[in-house]
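Analysis of the macromolecular model
As a plain string of letters, each chain reads:
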Amino acid sequence: MNSPPDTDKVLDIRNLQVSFSSIAGATRAVNGVSLNVRSGEIVGLVGESGCGKSVTIRSIVGLVPSPPALFEDGEIWLRTRRGMTETLSLYKNMKALRQIRGRDVSMIFQEPMRSVHPMMTIGQQITEGILEHEVVDPAEAYDRTVEMLDLVGLPNPPAQMNRYAHELSGGMRQRALIALALVCHPQLLLADEPTTALDVTIQAQILELIKDLRERMSMSVLLITHNMGVVANLADRISVMYLGRIMETGTVEEIFKEPAHPYTQGLLASMPSLFSQPKTHLQSLRGVVPELAMAPKGCVFADRCPHVMPICDETPPVVELRADHSAACWLYDDVEASPGPDAATAQPSLGGDSTLGDASQRVEVIPLTKTEPTAHADQEKLADSDTDQLQIENVALHYPILRGLLRRQVGTVRAVDGVDLSIRRGETLGLVGESGCGKTSVGRLVTRLVEPSAGRIRFGADGRLEEITHIPQKEMKGVRRSMGMVFQDPLSSLNARMNIRNIVGEPLMLHGMAKGSAVDERVGELLEMVGLRAAHQSRFPHAFSGGQRQRIAIARALATEPSFLVADEPVSALDVSVQAQILNLLLTLQQQLNLSMLFIAHDIAVVRHVSDRIAVMYLGKIVELGNAREICVRPVHPYTEALLASIPLPMPGLATLQEMPKGDLPDPANPPKGCRFHTRCPYSQPICEQEEPPLLPFADAVDHFGACHFQDELHLQGVEEIGEIHGPAAAGGEE
Amino acid sequence: MKTYILQRFIQMIIVMVVVMLVSFIIVELPPGDFLTTLREQLTEQNVDPKVIDSTVEMYRARYGLGENWFFRFGKWAWSLMKGDMGYSMQHNRPASELMGERLSLTIWISIATLVFMFVIAVPIGMLSAIKQYSAWDHSFTFLALLGVSVPSFITALVFLLLSVTLLGATTVAGLFSPEYVTAEWSWAKFVDMLKHVWIILFIVGLGDTASTIRVMRARMLDTLGEPYIDTARMKGLSGAKIYFRHALRVAINPIISSIGLRFPQIISGSTIVAIVLTLPLIGPLLLDALLGEDVYLACSILVVLTLALVIGNFLADLALAWLDPRIRFES
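The structure presented is a predicted model; accordingly, all values stated were derived computationally and were not measured.

A few points about the pairing of strand β20 (residues 596-601) of chain A
Residues and elements named next belong to chain A. Burial within β20 is extensive, with 6 of its 6 residues counted as buried. Residues Ser596, Leu598 and Ile600 point to one face of β20 and Met597, Phe599 and Ala601 to the other, with burial holding for every one of them. The sheet contact formed by strand β15 (residues 428-432) and β20 spans 5 bridges and is parallel. Within β20, the position partnered with Val432 by the bridge is Ala601. Alignment of strand β19 (residues 564-568) against β20, held across 5 bridges, turns out to be parallel. Bridge pairing in β20 links Phe564 to Ser596. Viewed along the sheet, the connection from β19 through helix α19 (residues 576-593) into β20 turns out right-handed.

A closer look at the interface of chain B and chain A
Between chain B and chain A, the contact holds 21 residues from the first and 26 residues from the second. Of all the secondary-structure elements, those providing two or more residues to the side of chain B that touches chain A are α1 (2-28), α9 (227-234), α10 (239-251) and α15 (325-330) of chain B. Among the elements that make up the side of chain B that touches chain A, the one with the highest residue count is α9(B) (6 residues). Across the side of chain B that touches chain A, the residue classes break down as 9 nonpolar, 5 polar and 7 charged.

Observations concerning the packing of helix α8 (residues 187-224) of chain B against helix α12 (residues 259-276) of chain B
All names here are of chain B. Taken N-terminus to C-terminus, the directions of α8 and α12 make an angle of 130°; their axes are 10 Å apart at the nearest point. Accordingly, the angle class assigned to the pair α8 and α12 is oblique. Read as a crossing pair, α8 and α12 show a hand that is right-handed. In this structure, α8 contributes Ile200, Ile203, Val204, Gly207 and Asp208 to the contact, and α12 contributes Arg262, Gln265, Ile266, Gly269, Ser270 and Val273.

Quick look at the sheet that holds β19(A)
Working definition: the strands of a sheet are paired by backbone hydrogen bonds and lie parallel or antiparallel to each other. All names here are of chain A. Taken in spatial order, the 8 strands line up as β18-β19-β20-β15-β21-β22-β24-β23 in an open sheet, and their pairing is mixed. Because the sheet does not close on itself, it has two edges, and the strands there are β18 (483-486) and β23 (696-697). Summarising the sheet, β15 and strand β21 (residues 613-618) pair through 4 bridges and their orientation is parallel. Bridging from a neighbouring strand, Val432 pairs with Val616 of β21. Against the sheet, helix α18 (residues 546-557) makes contact with β18 and β19, and its axis sits at roughly 165° relative to β18, the strand it touches most. The strands that helix α22 (residues 638-646) touches are β15, β21 and β22 (621-627); relative to β21, the one it contacts most, it runs at about 105°.

A closer look at the nonpolar core
Within the largest apolar cluster, 274 residues are counted, with the highest numbers of intra-cluster contacts made by Ala179(A), Leu222(A), Leu223(A), Val231(A), Phe599(A), Val616(A) and Ile301(B). Of the residues that make up this core, three or more belong to each of domain 1 (9-235) and domain 2 (242-268 + 298-369) of chain A. Sequence-distant contacts of Ala179(A), that is, excluding residues within four places in its chain, are made with Ile126(A), Met148(A), Leu149(A) and Val152(A).

As for the packing of helix α11 (residues 262-270) of chain A against α19(A)
Residue and element names in this part refer to chain A. Relative to each other, α11 and α19 sit at 50°, their axes nearing to 8 Å. Comparing the axis directions of α11 and α19 gives the class oblique. Read as a crossing pair, α11 and α19 show a hand that is left-handed. The residues of α19 that touch α11, namely those facing Gly266, Leu267 and Ser270, are Val576, Ser577, Gln579 and Ala580. For the contact of α11 with α19, the per-class residue count stands at 3 nonpolar, 4 polar and no charged.

With respect to the domain arrangement of chain A
All names here are of chain A. Under the domain assignment, chain A is made up of domain 1 (9-235) and domain 2 (242-268 + 298-369). Facing the 15 residues of domain 1 at the interface are 9 residues of domain 2. Among the secondary structure elements, those contributing two or more residues to the side of domain 1 that touches domain 2 are β2 (25-38) and α9 (228-232). Counted by class, the side of domain 1 that touches domain 2 contains 9 nonpolar, 5 polar and 1 charged residues.

Cut-off values and rules
- Residues numbered from 1 in each chain as written.
- Chains lettered and ligands numbered in written order.
- Predicted model: local features only at pLDDT ≥ 70, side-chain atom pairs only at ≥ 80, totals over all residues.
- Buried ≥ 20, exposed ≤ 12 C-beta atoms within 10 Å, placed from the backbone.
- Helix = DSSP H or I, 4+ residues; strand = E, 2+ residues; numbered from the N terminus.
- Pairing = 2+ DSSP bridges.
- Right-handed = clockwise from strand over helix to strand, strands pointing away.
- Contact = placed C-beta atoms within 7 Å.
- Nonpolar A, V, L, I, M, F, W, Y, C, P; charged D, E, K, R; others polar.
- Axes fitted to C-alpha atoms, helices over the stretch in contact; angles between N-to-C directions.
- Parallel < 35°, antiparallel > 145°, perpendicular 65-115°, else oblique.
- Left-handed = near helix turned anticlockwise from the far one by under 90°.
- Core = buried A, V, L, I, M, F, W, Y, C linked by C-beta atoms within 7 Å.
- Domains from an automatic or database assignment.

Here you go:
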């Protein structure tokens, strides 16, 4: 065993190699990872799913079950109260390992909803941790727990002590879990995607909390995430991981301003940001993360790399670009002497469109920002834009809450509570809001998958608008031919027992549009249209990756050549690079086929990227409606401002946020009186608690509506469009 | 919590009334009644037709068999509520007298079987999950599969065969040694019963024990994969605390809620075994009553068994609510 590292480091992973043995043979999930965390530092470990991030972080504390895992090589040094300790060697000494867990190093997990024990009170669970490590009497443990709950910002801590998991929202559970993790004052917190399962506004709150606690408890944090935005505003240093290897390590500024490794560049470019040119193609990485066993020899990124060279067959060296910035790439092998990878990287273009629309000079040297105008970027669809394809008026969806023996109705969940929207032909309307706001219900209402409780829905298949609010399902079948729908989860929305030909061809057969071999032919065309091979018709969904399945779902939605598409969170279950591919595909198809689209998502950056107009929804109501860019530059409703501010920007130092929306989304069965947002609104006035503001045109703008009492007085902060000649003064709209 | 208990209680009463009605109707359903059976019996015995007529008429008047079924049901239900189980027409004795000892023995054996099942199955299933794919796990998974697949009467027959051929036993069947069968209850009789009863527990409980092992193992595996177990591990808890304090209480949930359902299974399962091993349980009596269209006896047995089942379910629900805060919360 080597000597322990210098004491400045809280964690030092050296050349970690972890394999998993299975019937198919051993695959190396972590392949020579070296990583360290210094005192008081937040280090981000970034990469797509299946890259070995979780295995790495779990190896630190012995949470990887072995077998099947095999720790082939490497050391993990951790600073504990007994000095530097090598934790891999402790695996055989469970007692010693247990003393470290929770006391010297703690961990919070991805799914707060499932990480709190369902049958123990919050208080029991946290005090249990104290009593495990320290000799204190229960009363003191209780007091310390209350104190800790207060520190993580849970309201009324003594009351929380007796509550159970199901009584807390996701954000509150994650706070409780953070309290649980930190109650013994560990020096290192491991955070495994701590905000991925949470809503954007809650994510922003939790990230802020972690940042704040780092200072107050003087600890270090190792944070795993797939979201570059999350680390940009939180981490001091970043390591980018791909297929079990660290591709690049550097300070947050260096990684974002001068990403050296093509994988890092690709990840950054794949993210639709609030600065990107809307409706243009994102620069996406080719292909998908391969199975570990199929990874290329040499550089594991070679098969997706735009700069691939013959030498990439060999394992690339880790090149020190400068102090604290290194990349494992052959591109820099010969520039070791001269710092600054600019010269080497600026040349090869990834052949795509701009995404990091940062106008500052620096950006010029980023290879990815070469702007290549796309043909269809700002194309106006004048011909069609006059006619509406869909109009919904005052539509509502109410669910009764039944209680007791006699199933009496004790309340109503107002999932959708009076929504007016229209979608023009060829237009994409983005519908954005947090989970539980009713946006999915709107999509289901429009397609008549649920019966509206009130209101009118009118839809024009290929001409006049016709009322479809209550037409019988038989007639609706004809209308559905003109509607397609893509769902969030590409796995469960495809029947696992049907092959692709039948999945994609079913709508054709259902509507009598094709029979026999004509189906095969059309399915083949459709598959090729979405970028799959026509020959794959006979395969079953499990043979495809998540992104490919979503392509299949899109092919199915478009099988009957609909003129209208509802896309309900079509990319939120996908990896960043695949997300970009699917967004590109949707944009292309929409323009080729002149589709009207209702695009539903929680991420306003994604919505902004694909939409012409955006409707912001909160607790069953539309609170703001307008041109996509305008809404982002000059929001008129405080909720829109909050949503924009909650998006972690992939640009360090460019934190948007001044004031977070407080607390959680209220119960839709019992929405606040007056303006529904007033409980969380930083600008709330007495009138907001009394009167519900109607959706009214904003100032002089033609096509911009807000539902705020003070929309004409408030000057809310949007996101400046850096590098775009498009001032907020241009309110008035292009449409 | 109070409303929850009240809710369950009212449900219990509704179920009882419905079961009483349904069981009465079902028993009444086949063509003919006890009088038909009686007439045939007497005819076979070459009794004088006039005597037959008068006997039948006497029974008809006595039991109100001429009245419509609704009237008869009301009469029966009312007296049942007063604690009068009615009169077995077949045996010419009060139903309660016939059921008496058999019923208490049946309930006793059922509860003992449940306890036996719990005590054996839960630890085995738990350990199988904790030591997944170990030799322990493999052998018990195999045994459990065997236990689930073999019907209990086969086990009973095999047991009979083995004890006669291998052990040379002469009295293998029954709950008591011959000298105690008709004896009054005494300490010696109780001890004698304990010597016999474990075999019955084993035979009756084998299938349920085996299936509970499988359920427990699967549930425990699921629970151990839950993220909150990782949270518990990361607190530095020992294995025992994780398994017992955190995992067991979640994993055992469906087993507790199934107790109420196991109860009738045990009773009907034990019927076949009781016939094979000639045990004085309630099952054979019920079968007999049903075959002989002995309406009041059959209905009374059914109702009493249902009552036991419903109370068992009620207790299981209470145990579950005590164990799981989410259930308390929902009410």
